[in-house]
Amino acid sequence: VPVYVLEMRAADLPPQTFYVDAATGDLLRSEGAVLATGNVPIYIVSTYEDYREIDGIRLPFRSTSFNEHNGRTVIELKSVERNLNVGEEFFSLKP
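Note that the coordinates shown come from a computational prediction; the quantities given were computed from them, not determined experimentally.

Colleague: Please explain the pattern of salt bridges as it appears in this structure.
Modeller: Pairs may arise between side chains of opposite charge once their charged atoms sit close together. Across all of its chains, the model carries seven salt bridges by this definition. With its nearest N and O atoms 2.3 Å apart, the salt bridge here joins Asp55 to Arg82. In this pair, Asp55 is assigned in the loop between strand 4 (40–54) and strand 5 (57–67) and Arg82 in the segment after strand 6 (71–76), connecting sequence segments 27 residues apart. Judged on exposure class, the residue Asp55 and its partner Arg82 are both exposed. For Glu76, the salt bridge is made with Arg62, and the minimal N-O distance between the two is 2.9 Å. With Glu76 in strand 6 and Arg62 in strand 5, the pair connects residues that are 14 residues apart, well separated along the chain.

Definitions and cut-offs
Residues numbered from 1 in each chain as written. Predicted model: local features only at pLDDT ≥ 70, side-chain atom pairs only at ≥ 80, totals over all residues. Heavy atoms only, no water. Salt bridge = Lys/Arg side-chain N within 4 Å of Asp/Glu carboxyl O. Helix = DSSP H or I, 4+ residues; strand = E, 2+ residues; numbered from the N terminus. Buried < 20%, exposed > 50% of the residue type's maximum accessible area, 1.4 Å probe, protein only.

Next comes the structure, spelled out in structure tokens:
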């Protein structure tokens, strides 16, 4: 599969690398670090797969992330619903 590899940098932050399917534009993998307390970098690798089109938008129905501190996290979507009516309270944080 032909892939575009993009490396992005911003100021003094760690670089982020993205691997994009050249034919579909799907994000296949991302690598980079986030800065924890004390500017300690935590390296994270994520993969995205099982893309499906929902109302003209391609979404990965499976994503996997890994870092040394938290291990592996897998998120799998079973379905996507749109046009849901949710109240304002859904978006407000409670102490």
